[in-house]
Amino acid sequence: MHTQAYVHGQWRSDGGATFAVMNPATGEHLANVTDSSDGLVAEAIAAGELAGRAWGRLPAKDRAQRLKAWHAELVRRAKDLAALMTAEQGKPLAEARGEVLYGAAFVEWYAEEARRLEGFIPEAGLPGREIQVRREPVGLAAIITPWNFPMAMIARKAAAALAAGCAVVVKPAEATPLTALAMAEAAEVAGFPAGVFQVLPVGRERAPVWGAAVTADPRVRKISFTGSTAVGRWLYERAAANIQRLSLELGGNAPFLIFDDADVTAAVLGLMAGKFRNAGQTCISPNRVLVQASVWDEVVERLRAEVQRLRVGPGTEPGVEVGPLIHAEAVAKVRAHVADALAQGAQCLVGGQAHPAGPNFWQPTLLTGLTPGMRAFREETFGPLLALSRFETEEEGIALANDTPFGLAAYAYSQGHARIHRVSRGLDAGMVAINTGSFSSELLPFGGVKTSGLGREGTRLGLDEFCEWKSITIAGL
Ligand code: SIN
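Residues numbered from 1 in each chain as written. Predicted model: local features only at pLDDT ≥ 70, side-chain atom pairs only at ≥ 80, totals over all residues. Heavy atoms only, no water.

Asker: Run through the nonpolar core, naming residues and quoting values.
Answerer: Counting residues in hydrophobic clusters, the biggest one holds 69 residues, and the most contacted among them are Leu257, Ile258, Leu303, Leu386 and Leu388. Tallying contributions element by element places helix 9 (residues 264-276) first for this core, with six residues. Apart from the residues lying within four places of it in its own chain, the contact partners of Leu257 are Leu290, Phe391, Gly397, Ala401, Tyr411, Ala412, Tyr413, Val423 and Leu427. Counting residues in each nonpolar core, the second largest holds 63 residues, with Ala31, Ala64, Leu178 and Leu463 among its members. (Core = buried A, V, L, I, M, F, W, Y, C linked by side-chain atoms within 4.5 Å. Buried < 20%, exposed > 50% of the residue type's maximum accessible area, 1.4 Å probe, protein only. Helix = DSSP H or I, 4+ residues; strand = E, 2+ residues; numbered from the N terminus. Contact = heavy atoms within 4.5 Å.)

Written out as structure tokens, the structure is:
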């Protein structure tokens, strides 16, 4: 287990300042991790800028080979990485392993795509003249990632950046730096040149200082962030100083529509899979379940049975489906959403309380009577709370779904061919999932509209986020 920052190909303890990493399931102290100082961050930016220039000039084939080697290392270490992730993040081991493979899939995909960074030659319009349009790496990228997917979010951003020819400095979430540092070890073994992939953990107090340092430094040309809309907005404002390119994957408030012509069994299972993945701590987690009146009773009864049978406990226990929440504030938010909904007339059918497994556990909860005035409707709960609202017509369902400033994911279940098209087009979201509760993959552009963010990750669109276009005019030919 690495606990030191990884800067310019070296493990650095940086004078000894550390912060503690805890196991959210047991409260056990896991490690003291280097709290990177301003000086170390400045050193990493300097090293990254220099290393990135050389990395960006390598033939794409060479970059692809390093990415392939990194992919192989990550897959080879999947069991260990999953164990580390479960220890610091809490998700069940099977899910942690799934996340390692999900993250590694981005590395593999971008290893292949690195070789297709093509430009074009438009018609020049004048004799003796040629115009070349080249794609070039944007420059040093700062990557700031959340605790809910400690590996996949780094992999999704870093693989695209590295394929494009950018060096990266990564700030992992303070709750989950160990997985990120283990990824750095795998990158070291894969043979990335020193300074190309660097990881600088910081504790909670120093996180804004880290953000301020990378936005204040004109050598950092790109910021890629996944996290809250509030922090995204702060970074957006600060990035204006140096006109840095920005990708923001921010909060969601996903609607999950079940129409009267849905396959109810499939809808219930899809909803359970989407909602209780990572104990509901997922930006694309269904947050508002909107059910058409004629299937309401059936959906409610089926969900009641499914939620009651969920197995809650530490992620290391075999058969556990719902692990702990990340920390006490996360539990407090779920508690507040439940209390607010009940005070405004919602009914609790299952759960609604803390779970006896430990202070960070919450019982999987099913509420009916969700209305637009409730916090659980307006805000992302980020916990194991299923809150249901009833609607009458398709138009009303779509209007309720869109009644939010967020627009990351939206889900709908229907067997009606024409309705599927109408609803997909009508939903204000960057990602629409029809008749499935699981769609995350390296094969689709991931990102949101409205206050859910800017830019896309995954696919060739994710690569474009780390590229600039350069046009070269050559006259006198
Ligand atoms: C997220 O919660 O931000 C990412 C979820 C995913 O990639 O599936």
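Asker: Pulling in residues and values, what's your account of the site of the ligand?
Answerer: Contacts to the ligand come from 13 residues, most closely from Tyr102, Glu249, Arg277, Cys283 and Ser440. For the ligand, an oxygen atom lies 3.2 Å from a polar atom in the side chain of Asn148. At 3.0 Å, a side-chain N or O of Glu249 approaches an oxygen atom of the ligand. Expressed as a share of its isolated accessible area of 260 Å², the protein-covered part of the ligand is 100%. Partitioned by chemical class, the residues of the shell around the ligand number six nonpolar, four polar and three charged. (Near = heavy atom within 4 Å. Polar contact = N/O pair within 3.5 Å; in protein donor to acceptor, adjacent residues only side chain to side chain. Areas by Shrake-Rupley, 256 points an atom, 1.4 Å probe, with all protein chains shown as cover. Nonpolar A, V, L, I, M, F, W, Y, C, P; charged D, E, K, R; others polar.)

Asker: Can you tell me about the pattern of salt bridges, naming the residues and giving the values?
Answerer: In total, this model carries 32 salt bridges according to the counting rule given. Here Glu136 and Arg134 are joined by a salt bridge, their closest N and O atoms 3.2 Å apart. Judged by relative accessible area, which is 41%, Arg134 ranks as partly exposed. Close ionic contact of Arg304 with Glu301 constitutes a salt bridge, the shortest N to O distance being 3.1 Å. Of this pair, Arg304 and Glu301 both sit in helix 10 (residues 296-308), three residues apart, which is roughly one turn of the helix. Classification of Arg304 as partly exposed rests on a relative accessible area of 26%. Glu301 gets classed as partly exposed once you look at its relative accessible area, which sits at 42%. (Salt bridge = Lys/Arg side-chain N within 4 Å of Asp/Glu carboxyl O.)

Asker: Before we move on, could you go through the packing of helix 2 (residues 60-76) against helix 6 (residues 177-190) and cite the residues and values that matter?
Answerer: The geometry of helix 2 relative to helix 6 is characterised by a closest axis approach of 8 Å and an angle of 130 degrees between their N-to-C directions. On the basis of their axis angle, the class for helix 2 and helix 6 is oblique. Read as a crossing pair, helix 2 and helix 6 show a hand that is right-handed. In this structure, helix 2 contributes Arg66, Ala69, Trp70, Glu73 and Leu74 to the contact, and helix 6 contributes Met183, Ala186, Ala187, Val189 and Ala190. Within the contact of helix 2 with helix 6, the residues separate by chemical class into eight nonpolar, no polar and two charged. (Axes fitted to C-alpha atoms, helices over the stretch in contact; angles between N-to-C directions. Parallel < 35°, antiparallel > 145°, perpendicular 65-115°, else oblique. Left-handed = near helix turned anticlockwise from the far one by under 90°.)

Asker: Could you give an account of the environment of Cys348, with specific residues and numbers?
Answerer: Among the structural elements, Cys348 can be located in strand 13 (residues 347-350). In this structure the C-alpha to C-alpha distance between Cys348 and Ala82, which are 266 residues apart in sequence, comes to 34 Å. When sequence neighbours within four positions are dropped, the list of residues in contact with Cys348 reads Leu342, Thr365, Leu366 and Leu367.

Asker: How would you summarise the environment of Ala376 if you had to cite specific residues and measurements?
Answerer: Residue placement: Ala376 occurs in helix 12 (residues 375-378). When its relative accessible area of 0% is taken as the criterion, Ala376 is described as buried. Along the backbone, Ala376 and Ala341 are 35 residues apart, and their C-alpha atoms lie at a distance of 6.9 Å. Residue contacts for Ala376: discarding those within four places in its chain leaves Asn287, Arg288, His337, Leu370, Thr381 and Leu385.

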